[in-house]
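A closer look at the structure
So the chains spell out like this:
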Amino acid sequence: MTGQGPKLTRRQEAAVAALLTAATLEDAARTAGVSVSTLRRWRQEPALRAACAEARAEMLGGTLTLLLKLNSRAVRTLSKCLKAPRASDQIRASNAILHQTVKATELVGLAEQVAELREKVQAIQASKRIRGVVG
């Protein structure tokens, strides 16, 4: 873990890794070398929860990076399929491109809306702080 939170024991660090990769809680406990009840208790501790969240975010970040690297290649492949001999293959490729374009456009729009809402919330919070100090 790269975070600045409380230190975990080696077993707890093993438990974090196991929780992210094991299919069941029992498998994770076995992999980490602890009992299921210990793992359940640890999962309630803020330090372990934070470590799990950080590790999950790191894994997701790596996965997204890989997907973004493959994205151009996938679009080129779909683009080639637009010239496929069978009309059904052309239609599937067209639908895939259109579907992903719509999804990407929606996500960009949502990200912009979230950014605007954050700015508004920050402005409101700043305004309340100023009124609290002045008033």
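Use the structure listed above.
Residues numbered from 1 in each chain as written. Predicted model: local features only at pLDDT ≥ 70, side-chain atom pairs only at ≥ 80, totals over all residues. Heavy atoms only, no water.

**Remarks on the overall build of the protein chain**
Along the backbone of the protein chain there are five helices and zero strands. Its helices and strands taken in sequence order, the protein chain reads α-α-α-α-α from the N to the C terminus. Taken against the 2.2 N^0.38 rule, which gives 14 Å for 135 residues, the C-alpha radius of gyration of the protein chain at 23 Å runs more than 25% over that of a compact globule. Taken along the three principal axes of its C-alpha coordinates, the protein chain extends 60 × 60 × 20 Å. If you take every contact in the protein chain between residues at least 6 apart in sequence, the share linking residues at least 24 apart comes to 40%. Here the protein chain carries 22 positive and 11 negative side-chain charges, and the mean point of each set is 2 Å from the other. (Helix = DSSP H or I, 4+ residues; strand = E, 2+ residues; numbered from the N terminus. Rg over C-alpha atoms; globule rule 2.2 N^0.38 Å. Contact = heavy atoms within 4.5 Å. Lys, Arg positive; Asp, Glu negative; His and termini not counted. Charge placed at Lys NZ, Arg CZ, Asp CG, Glu CD.)

**A look at a nonpolar patch on the surface**
Taken together, the side chains of Leu60, Leu64 and Leu67 define a hydrophobic patch exposed on the protein surface, amounting to about 290 Å² of accessible area. Position of Leu67 among the secondary structure elements: in helix α4 (residues 46-81). (Patch = residues over 30% accessible without salt bridge, like charges linked within 9 Å, V, L, I, M, F, W, Y side chains within 5 Å. Areas by Shrake-Rupley, 256 points an atom, 1.4 Å probe, with all protein chains shown as cover. Salt bridge = Lys/Arg side-chain N within 4 Å of Asp/Glu carboxyl O.)

**What to know about the packing of helix α2 (residues 25-32) against helix α3 (residues 36-43)**
Closest axis-to-axis distance for the α2/α3 pair is 9 Å, and the angle between their directions is 100 degrees. It follows that α2 is roughly perpendicular to α3 by the angle criterion. For the pair formed by α2 and α3, the contact residues are Leu25, Glu26, Ala28 and Ala29 on the first element and Val36, Leu39, Arg40 and Arg43 on the second. Looking at the contact of α2 with α3, its residues break down into five nonpolar, no polar and three charged. (Axes fitted to C-alpha atoms, helices over the stretch in contact; angles between N-to-C directions. Parallel < 35°, antiparallel > 145°, perpendicular 65-115°, else oblique. Nonpolar A, V, L, I, M, F, W, Y, C, P; charged D, E, K, R; others polar.)

**Side note on the environment of Leu70**
Take Leu70: it is sitting in helix α4. For Leu70, a relative accessible area of 40% corresponds to the partly exposed category. Along the primary structure Leu70 and Ala84 are separated by 14 residues, whereas in three dimensions their C-alpha atoms are 21 Å apart. (Buried < 20%, exposed > 50% of the residue type's maximum accessible area, 1.4 Å probe, protein only.)

**Description of α3**
Here α3 has its buried residues at Thr38, Leu39 and Trp42. Taken down its axis, α3 places every buried residue within 100 degrees of arc, on the same side. Residues of α3 that are buried in the fold lie against α1 (10-21), α2 and α4. (Arc of directions from axis to C-beta.)

**Quick word on the environment of Thr38**
Turning to its location among the elements, Thr38 is positioned in helix α3. Along the backbone, Thr38 and Gln12 are 26 residues apart, and their C-alpha atoms lie at a distance of 10.0 Å.

**Observations regarding the nonpolar core**
Within the largest apolar cluster, 16 residues are counted, with the highest numbers of intra-cluster contacts made by Leu8, Val16, Val34, Leu39, Trp42 and Leu48. Counting residues per element, the ones that place at least two in this core are α1, α2, α3 and α4. Sorting elements by how many residues they give to this core places α4 first, with five residues. Once residues within four sequence positions are removed from consideration, Leu8 is found in contact with Glu13, Val16, Ala47, Leu48 and Ala51. (Core = buried A, V, L, I, M, F, W, Y, C linked by side-chain atoms within 4.5 Å.)

**Examining the pattern of salt bridges**
Tallying each qualifying case throughout the model produces three salt bridges. In this structure, Asp89 engages Arg92 in a salt bridge whose closest nitrogen and oxygen atoms are separated by 2.6 Å. Highlighted residues: Asp89 and Arg92, both in helix α5 (residues 87-134), separated by three residues, approximately one helical turn. Bridged by salt links that share partners, the residues Arg86, Asp89 and Arg92 form one connected network.

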